[in-house]
Each structure stands twice: as C-alpha cells, then as structure tokens.
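# What the coordinates show
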Amino acid sequence: MKRSTLTITILSSCRVALLASALLISFAAISGEGDHGDEKKDEHRNEFVTMTQEMAAQVGVTTQAVSAGTLNITKTVYGNVVTDPASLSHIRARFDGVVTRVNANLGDKVKKGAALAVVESNESLKSYSLTAPFAGTVIARHANEGELSNGQVLFSLANYDGVWAQLKVFPNQLRAVAEQQAVQLTLADSTFDTVISHILPSPDEQPYVLAYANIDNTSGHWPVGAAVLGNITIDTLDVAMMLPKAAIQEYEGNTVVFVKKGDEYHPEPVSLGKQDADNIEVLSGVAVSDVVVVNNSFLFKADLEKSEAGHDH
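In this report, we go over the structure that sits alongside the text.

Calculation criteria
Residues numbered from 1 in each chain as written. Predicted model: local features only at pLDDT ≥ 70, side-chain atom pairs only at ≥ 80, totals over all residues. Heavy atoms only, no water. Pairing = 2+ DSSP bridges. Helix = DSSP H or I, 4+ residues; strand = E, 2+ residues; numbered from the N terminus. Axes fitted to C-alpha atoms, helices over the stretch in contact; angles between N-to-C directions. Buried < 20%, exposed > 50% of the residue type's maximum accessible area, 1.4 Å probe, protein only. Salt bridge = Lys/Arg side-chain N within 4 Å of Asp/Glu carboxyl O. Contact = heavy atoms within 4.5 Å. Core = buried A, V, L, I, M, F, W, Y, C linked by side-chain atoms within 4.5 Å.

Spatial strand order, E9-E11-E12: 3 strands in an open sheet with antiparallel pairing. Unpaired on one side and paired on the other, strand E9 (97-102) and strand E12 (127-131) mark the two borders of the sheet. Neighbouring strand axes in the sheet, compared pairwise and without regard to direction, differ in orientation by 30° on average. The pairing of strand E11 (residues 115-121) with E12 spans 5 bridges and is classified as antiparallel. Bridge assignment links Val-119 to a residue of E12, and that residue is Tyr-128.

So, on to unusual backbone geometry. If you check the backbone angles, Gln-180 has positive phi at about 75° while not being a glycine. Tracing the chain through its elements places Gln-180 in the loop between helix H3 (171-174) and strand E16 (182-187). In this model, Glu-205 sits at a positive phi of 55°, which is unusual for a non-glycine residue. Along the chain, Glu-205 turns up in the loop between strand E17 (190-201) and strand E18 (209-216). Under the relative-accessibility criterion, Glu-205 is labelled exposed at 81%.

Now for the pattern of salt bridges. This structure, assessed with the given rule, holds 1 salt bridge. Lys-261 serves as the salt-bridge partner of Glu-268, at 3.7 Å between the closest nitrogen and oxygen. A residue is classified by how much of its surface remains accessible, and Glu-268, at 23% relative accessible area, is partly exposed. Residue classification places Lys-261 among the partly exposed positions, given a relative accessible area of 45%.

The strand order across the open sheet formed by 4 strands is E8-E14-E13-E10, and the pairing between neighbours is antiparallel. Among the strands making up the open sheet, the edge pair consists of strand E8 (88-92) and strand E10 (109-110). Here strand E13 (residues 136-141) runs beside strand E14 (residues 153-158); their pairing, made up of 4 bridges, is antiparallel. Paired with Ala-140 across the bridge in E14 is Ser-156.

Glancing now at the pairing of strand E19 (residues 227-244). Examined bridge by bridge, strand E7 (residues 67-83) and E19 share 13 bridges and lie antiparallel to one another. Bridging from a neighbouring strand, Val-77 pairs with Gly-230 of E19. Where E16 lies against E19, 4 bridges are found, and the strand directions are antiparallel. Counterpart to Thr-186 in the pairing with E19 is Leu-229. Inspection of the sheet shows E19 paired to strand E24 (residues 279-284) by 3 bridges, in the antiparallel sense.

Another point: the pairing of strand E15 (residues 162-169). The buried fraction of E15 is high, at 6 of 8 residues. With 6 bridges joining them, E7 and E15 adopt antiparallel strand pairing. Within the sheet, the bridge partner assigned to Asn-80 lies in E15 and is Gln-166. Where E15 and E18 come together, 8 bridges link them in antiparallel fashion. Bridge assignment links Lys-168 to a residue of E18, and that residue is Leu-210.

Right, let's talk about the environment of Asp-161 for a bit. Tracing the backbone shows Asp-161 in the loop between E14 and E15. Considered as a pair, Asp-161 and Ile-215 are 54 residues apart in the sequence and their alpha carbons are 8.5 Å apart. In contact with Asp-161, other than residues within four places in its own chain, are Ile-215, Asp-216, Asn-217 and Thr-218.

Turning our attention to the nonpolar core. Among the nonpolar cores identified, the biggest contains 19 residues, and Ala-165, Leu-167, Val-183, Leu-185, Trp-222 and Val-228 are the most heavily contacted of them. Where this core is concerned, the elements lending two or more residues are E7, E15, E16, E18 and E19. Not counting residues up to four positions away in its chain, the partners in contact with Val-183 are Leu-167, Phe-192, Asp-193, Thr-194, Val-195, Ile-196, Ala-213, Gly-230, Asn-231 and Ile-232. Leu-116, Ala-117, Val-119 and Phe-134 belong to the second-largest nonpolar core, a separate cluster that totals 18 residues.

Below is the structure:
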C-alpha cells in the first residue's frame, strides 16, 4: 500500500498557521497483469483520507448521520420592502385656521397623542392641537408658525417597526403560489421567516401580481425601498435519506460524499434526487445512520486530488 503525507495550511484573518499533524492518504496498490483501466478504477474505489478527531476539529470538519427528512420545495421571487399602510399617516388640520405653534420637526420620534402643532380655528377662534395618531417618526413637515392650514397635509408620520415585503409573482409562478404559504425573505445578511398574507393585482396593468408578507422590523434591518429575495415554500416532500448540500462534492467524475469510518474518510459515489435551498435527497450510495462530512468536505477532495497529481509525476 502506497502512502503520501500531506500538510494542510490553515488561512485565517490574522495569520497563516501550519498544522503540525499530517493527513495520511492511503491508496490500495493493485499488482499483477491485467486491464490498467480496471486497475485505476479499483484504486480510486479504495482511496481514503486518514484524519484524527483532533485535526478534524482544528480544520472545522463536522459530520452528520444520514437520516430521513423533509424538503421544502420553493419558488424564488423578488420584490421590495414597502411601508405598512396602517403605519403611515398624513395629518391635516381638522378645521382651517392659522398655525400658531409647531412642536415637531422632521425626523423627530413622537409618542401616540403627542401634540405636533397648535392651530387657531378661523370659525371659532379657538386653538386646538394636532396630535400623533400613533407612535412613529415625522417623515415630512409642511407646517410653519403663522401659515394657514388650508386643508393641506401638515405632517406625515410613519412607524417602520412593521413593514411589508411586496413580491412580484409572474404568470408562470402564479399557479404554485397561494396565500398563507411560508416564505423566507433575504436582504443582505438578514433573513426573516413569514407567510404570504394576501395577493393583489398589480397597479397599472403590470404583467404580474403582488404577494404581500409582513416583516417585523424592530431591528431596523429592513429599510423601505430595499430589494428583497423571497423563497416561497410551495410544497413539502418527505424523503428517506437527506443531507445538506454542503456534503456533496464532485470527484473523479462522480458525485460523492465522504463517509467517516473511525479516523478514515472514504469518498462514496451517491445518486441524488430532489432538493431545496439547503438540503438534497440521497437515493443510493449510503445508508441511514452512515456518518458523512457536512462541513469542509472539500478539504478531503482537494487532498485526494493533490495526491493523485503527485502520483502522476
């Protein structure tokens, strides 16, 4: 049996560390006369990487047992964050008159019932306050002392703690999308799980409908106007064997996973089925309870390929 010793270099943001331990990649040597193509095939079948538990922990290798699971079949749609209509108010004076005092400015955060301005009625000559209908932020001000109210909007108030995703659903997607379906929204590094609340025709006869999903924006990470991606769950599928997509590698023309057997990691060809955003169905090649590398499996592929390249010279 031929053995080659490889060294893994770990890159981090602060240093380049050279691991002292070595990976031992073992290859079964085929002796005797015969078809060299078959020999090579058998040789690849018997390749494996030897790695201690300590080294696996150092390089971030994690494993998971093959098990049954549920795939969430999704449709991907795109849209924008919009203001909740119930949390946007354009405030006018109840009676026309003169603005005698202004208490709120652009950008001020006010509480429900706070006096934004005082107006003196033209009819009664009595003063009354314009109050905030809910807690929020003043996003527009059109009131100055001494001006007439004249029915115009004096303040606009918004509360962005709750916003909506407005998602465009095109005709080829429409049959699969319905109200109350789960949807995962993504914006930059933020995700939010919610449901489709309602579906409405688009304005101006656009060639799509609009699906709305509520977002809790108390974090402030979902600004109005931002573009969002939505993965709508249109179906679920129970499968006998499932693994994270990160476990899958392409090696020697085969789709493989690395199965852990003690300190040995063997590339096993697998047949795959349906998939969702994170997981994939495994049809054959492994069995339930087999322990498979699901994080940093590319390390084993890279080391096998390096060793193969070395043997070719």
